Amino acid sequence: MKVKHQPPLVFLTSNNTREISDALKRRCLHLYIPFPEIDVEQRIIAVRVPDIAPDLRQQLVRFVHELRELDLKKVPSISETIDWAHTLLLLHASRLDPALVKDTLNVILKFQEDIEQVSGEVARLADKAMRG
């Protein structure tokens, strides 16, 4: 009996943070998938971190969306939003307090220069996220 082998199906992701060579691009189907809208990301967080309070979930997703509008070296991905939700849950947070945000920025921002850039904006961004 002869076995027919199928080539593997491979997915590469980059979030446009790494350069993909032209040779690789020519051999692939390239799709750009933007970050989800706020309501979709809130549903993702609700599924992945079901114990987080709805008000806190809304605040943290709005805060992350505000960060994505800034000129950062690496904006937070959905996985960082999920990690931050888990962190805030473990810290028994009930709302986005600016001091708490400053203390946990390293969960959502991976570069020190981004943390330093955002630190001065935390109170404004947290207030905006809490007001919705």
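Refer to the structure above for everything that follows.
Cut-off values and rules
Residues numbered from 1 in each chain as written. Predicted model: local features only at pLDDT ≥ 70, side-chain atom pairs only at ≥ 80, totals over all residues. Heavy atoms only, no water. Helix = DSSP H or I, 4+ residues; strand = E, 2+ residues; numbered from the N terminus. Buried < 20%, exposed > 50% of the residue type's maximum accessible area, 1.4 Å probe, protein only. Lys, Arg positive; Asp, Glu negative; His and termini not counted. Salt bridge = Lys/Arg side-chain N within 4 Å of Asp/Glu carboxyl O. Contact = heavy atoms within 4.5 Å. Phe/Tyr/Trp six-rings, centres within 6.5 Å; stacked < 30°, edge-to-face > 60°. Core = buried A, V, L, I, M, F, W, Y, C linked by side-chain atoms within 4.5 Å. Arc of directions from axis to C-beta.

1. Re the side chain of arginine 57
With respect to the helices, strands and loops of the structure, arginine 57 is situated in helix α3 (residues 54-67). There is no salt bridge for the buried arginine 57, and the closest opposite charge comes from aspartate 55, which lies 7.8 Å off by N-O distance. Discounting chain neighbours no more than four positions away, the residues touching arginine 57 are Gln42, Ile45, Ala46 and Ile52.

2. So, the packing of aromatic side chains
Scanning the entire structure with this criterion turns up 1 aromatic pair. Where phenylalanine 63 meets tryptophan 84, the ring centres are 5.5 Å apart and the plane angle is 50°; that geometry is what we call tilted. In this pair, phenylalanine 63 is assigned in helix α3 and tryptophan 84 in helix α4 (residues 78-90), connecting sequence segments 21 residues apart. Owing to a relative accessible area of 0%, tryptophan 84 belongs among the buried residues under this scheme.

3. Comments concerning the pattern of salt bridges
Applying the stated criterion to the full structure yields 8 salt bridges. The salt bridge involving arginine 43 is made with aspartate 39; its shortest N-O contact spans 3.8 Å. With arginine 43 and aspartate 39 both in helix α2 (residues 38-48), this residue pair falls 4 residues apart, about one helical turn. When its relative accessible area of 52% is taken as the criterion, arginine 43 is described as exposed. Among the ionic pairs, glutamate 121 bridges to arginine 124, the shortest N-O distance being 2.7 Å. According to the relative accessible area criterion, arginine 124 is partly exposed, its value standing at 44%.

4. Quick word on the nonpolar core
Ranked by size, the top nonpolar core spans 28 residues in total, and within it Phe63, Trp84 and Leu105 carry the most contacts. Among the secondary structure elements, those contributing two or more residues to this core are α3, α4, α5 (98-108), α6 (112-119) and α7 (122-131). If you tally residues by element for this core, the top one is α3, at 6 residues. Contacts of tryptophan 84, omitting those with residues within four sequence positions, involve Leu60, Phe63, Val64, Leu96, Val101, Thr104, Val107 and Ile108.

5. Examining the environment of proline 54
One can find proline 54 in helix α3. Separated by 21 residues in sequence, proline 54 and valine 75 have C-alpha atoms that sit 23 Å apart.

6. What to know about α2
Those residues of α2 that sit buried are Glu41, Gln42 and Ile45. When α2 is viewed along its axis, its buried side chains cluster within an angular range of 105° and face the same direction. Counted as exposed and oriented over 90 degrees from the buried face of α2: Arg43 and Val47. Here the buried face of α2 lies against α3 and α4.

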